[in-house]
Amino acid sequence: MRRSRPILLPLVAFLCLCALLAACSQEKDAFLNRTFHRLTARDNGWFNAHEKLNELVMDIEDAHQDDFDQILPLFVYGTEEQSRNAVPDLEKCIDKCSLVIERHSMDIQGKEKNAWIDDAWFVIAKSQFYKRNFYEAERGFTYIGRKFKGSNRELESQIWLARTAIQLEQYAKAQSALDHVRDAKKLPKGLDQGELSAVQAELELKRGKVDDAIMHLERAVGLAEHKRERIRWAFILAQLYELKGHEEKAIAQYAAVVKMSPPYEIAFHAQIFQALASNKGNTKAMRKKLKSMLRDNKHIDHFDMIHYALADLDLKERKDTAAMDQLMTSVRVSTTDTKQKAKSFLKMADIYFDDRAYIPAQQYYDSTRSLLAETHARYEEVDTRARVLGDLVEQLAIIEREDSLQALMGLDPDELAKKVRSIIRDREDAEAEKERKDAEARELSQQAPPPPPPGTGTRGNWYFYDPTQIGRGLSNFRKKWGNRALEDNWRRKDKSGSAAAQGGDEDAAGKEGDVTDHKEAEWKDPEFYMRDIPKDEAAVAASNGRVCEALYVSGMIYKEQLKDVDNAIESFEVLNNRFEECRYTPESHYQLYRIYLEKERAGWFSLDGVGSQTYADIIVQRWPNSEFARLVLDPNVLMGDEVRRKEEEAAYREVYLLYRAYSYYPVITACDRVITEEPHNYFRPKYYLLKALAVGGTRDVSGFRTALTAVRSVFPGTEEAQRADELLASLDGQGGGAPKPAPPSAPLYTKGNGPHQYAVVVPNEGNDISTVRSAISNFNQTYFLNTPLEVLPPTFLDPQNQIILVNTLPNKMKAMEYHALFMGNQDLLQGINNMGFPCFAITPENYVTLFKSKDVAGYLEWFQQQYLDGQ
């Protein structure tokens, strides 16, 4: 018996090896085979990929910064930059699961025997989704639903198919996928029905059906499996209630969110939004709660928002003075949240604007504009109001100044000296108050924010090596400063005067200080006020001329840009009553005629008999041969002029479209005809400029210069002349750069959706071509591990440049994905994609054309139009 053991052990080992080898077969449907492949698929590739994907998704969600001024997104998918940063890890997830499918799939007689293969496909599709490769994700989820019917991933893949279709704005397909899930006879126990309802709510929001979204979101909150999702969806539900005007429901829902122990930002905003949602009833309890929050220093960075909420309560109770005090306090205590400061400025500006207090309104709109992101929904409106009101305030200041000077003119010397001293004292008091407020603001701005709590880092990486931390920091930066370009003096709107801030010499600083002291001493000198006082009839006439013009211009601003006809009437009537005859007296009467005519057409009638006919009679009697009299006597003339202008505009648009189609010679012919035959054409300056641009398109540099000079000479002071000056400066090598190449005479390239190459044009001078090629190869291995790409040896495009080609991207979509990642990469391609090298996708056929023509600029313009503009 003892001698048989050496023989038995090898025999057992041999039998186990045979069993293991037999179990490796993917084509045999036996218990041992299924068990082996399921265990190996689950515990090796799929588990690691699944955990990595979950970690990436969690990092994306943690780095997300919510904009509480908008309805929060139901699901957080991250930014394009975060997707680019996550691509290497997502590619690893795809690679691991692809290997699982390749080695452990047991597709026997059309049926998959390995229960973990659908899970592997699901991880691949989700990875494509978070890469923002939505079409590939759509293919993956569709395949799972079709191939693995009855599996645990079939219906879940349909939910994710709906989420993908929503991102692609394919709402009918999304609804079809969700209906497929709901029509199932029996839903699996593990299916997240809260997610199903939340996706349906997201779809309804995209369709603009808020009421339906509320219904589905109410169900989602009750069925949510995870606390994080429940809190987020409950908060959004409260926002939707508020949006639809369901005040009591919104307040109750915000209160429910607070009781869920949410993260700090959501908890704080839920309490603030309770106050903002309140439109009626007793606000005493709400005020007490907000004031108690002001006593808690953990809210110090949000004190501005609390004061804003208190101001909102005051406004709803018509306590305008108290509201303005709260808004001023909100601005004064603001620390880091420039968005809230902009909201407070904007609220004050709107209040003053509605009250027609245009001077303070202009100041607050101007402050708002300096803080508001250009992507804000009201940015254009704020910018326009700040600019228009700035023009109005300038005219009102002229009137005030000239009236003050004329008033001083009538005083005797003693009274004049006393009045001037009073003016200087008032300004000294104003300057002292301004300095006090500036000092308070500086003191607040110098308060350092508290250090982050310990243990908030992730994975112990140094900040600048951790893409997630960088993404979070960038989100915080954008939250505070908006989307700023990476450049010197990025905090300055006007960078023209930044030299002193960059360390100019002490003499320059001293001179600047002397100038400042001189200006300060100047306004303290009584002679500063006396020297502009009119001293003779000619000076008085000139002063009255400035007042007349300012009154007319301010009246036109009221009428045309602010649509404030009452103030417009007042400005024009003041002009007419003050001056018997000045430069703008006829125009002022005509504007009053037009204003009253429009009011009468709307049903208004005058109780005192003053109306459009009053001013029509004055115009005809005093200026019978004027253009205004002609317009009053025959109103159809004005209508005919407007019809002609619209016809000429349509004709100009047709010629401009020819220019955009590179039909330069027909454009030149059409412009010459208008210039010669239509001297009164409204768009004559534009035709001159368009002709010049068309001549430039034919590459006739001398003719281009001559045509631009003609624009500048014939129409000085116009926008077209300004544009001509810029182009002439470019031709002369001024204005910050060499002359821009003219566009190609005709498109030389053809569209294609098939295989593409990617090209990088690298100047020989100052660049190591082999280093560039190596960096591109490393980028390909990191970001396109599963796509076989080859970096071809560089080829001389011309004596100054070489071109590096990447072969072969299977289609246009993949080529544009490559381009987006290539241009957005911030580590492997530093020194390549940020150096201005021409980089573009190109079909093999178009590459042949490009290589022959050497016209890289022409292809880049075509690439911009056909590839980038269409995305």
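Predicted model, so just to flag it, every value in this text is computed and none were measured. (Residues numbered from 1 in each chain as written. Predicted model: local features only at pLDDT ≥ 70, side-chain atom pairs only at ≥ 80, totals over all residues. Heavy atoms only, no water.)

Caption draft 1: Expanded view of helix H7 (residues 171–182). An ideal rise of 1.5 Å per residue puts 16 Å on 12 residues; H7 measures up with 17 Å between its terminal C-alpha atoms. Here H7 has its buried residues at Ala-174, Gln-175, Ala-177, Leu-178 and Val-181. Summarising the axial view, the buried residues of H7 lie within an arc of 160°, below the 170-degree limit, and thus occupy one face. (Helix = DSSP H or I, 4+ residues; strand = E, 2+ residues; numbered from the N terminus. Expected span 1.5 Å × (residues − 1). Buried < 20%, exposed > 50% of the residue type's maximum accessible area, 1.4 Å probe, protein only. Arc of directions from axis to C-beta.)

Caption draft 2: Inspection of unusual backbone geometry at higher detail. In this structure, Thr-808 follows Asn-807 across a cis peptide bond, with omega equal to -25°. One can find Thr-808 in strand S6 (residues 801–809). Even without being a glycine, Ser-261 presents a positive backbone phi close to 55°. When you line up the elements, Ser-261 lands in the loop between helix H11 (247–258) and helix H12 (264–277). Residue Lys-563 is not a glycine yet carries a positive backbone phi of 55°. Looking at where Lys-563 falls in the secondary structure, it is placed in the loop between helix H23 (537–561) and helix H24 (565–578). Here Lys-563 falls in the exposed class, since its relative accessible area comes to 60%.

Caption draft 3: Fine view of the packing of H23 against H24. The contact between H23 and H24 brings their axes to 7 Å, and the two run at 160°. Considering their axes alone, H23 and H24 lie roughly antiparallel with respect to each other. Like other packed secondary-structure pairs, H23 and H24 cross with a definite hand, here left-handed. Between H23 and H24, the contacting residues are Asn-544, Val-547, Cys-548, Leu-551, Tyr-552, Ser-554, Gly-555, Met-556, Tyr-558 and Lys-559 on the first element and Asn-567, Ala-568, Ser-571, Phe-572, Val-574, Leu-575 and Arg-578 on the second. Of the residues contributing to the contact of H23 with H24, the split by class is 10 nonpolar, 5 polar and 2 charged. (Axes fitted to C-alpha atoms, helices over the stretch in contact; angles between N-to-C directions. Parallel < 35°, antiparallel > 145°, perpendicular 65-115°, else oblique. Left-handed = near helix turned anticlockwise from the far one by under 90°. Contact = heavy atoms within 4.5 Å. Nonpolar A, V, L, I, M, F, W, Y, C, P; charged D, E, K, R; others polar.)

Caption draft 4: Structural context of the nonpolar core. If you look at the biggest cluster of nonpolar residues, it comprises 140 residues, and the most contacted ones within it are Ile-272 and Leu-290. With 9 residues, helix H10 (residues 227–243) is the largest single contributor of residues to this core. Contact partners of Ile-272, with chain neighbours within four places excluded, come to Leu-290, Met-293, Met-305, Ile-306 and Ala-309. Within the second largest apolar cluster, 42 residues are counted, among which are Tyr-749, Phe-779, Leu-805 and Ile-842. (Core = buried A, V, L, I, M, F, W, Y, C linked by side-chain atoms within 4.5 Å.)

As far as function goes, none of this settles anything; it's purely spatial.
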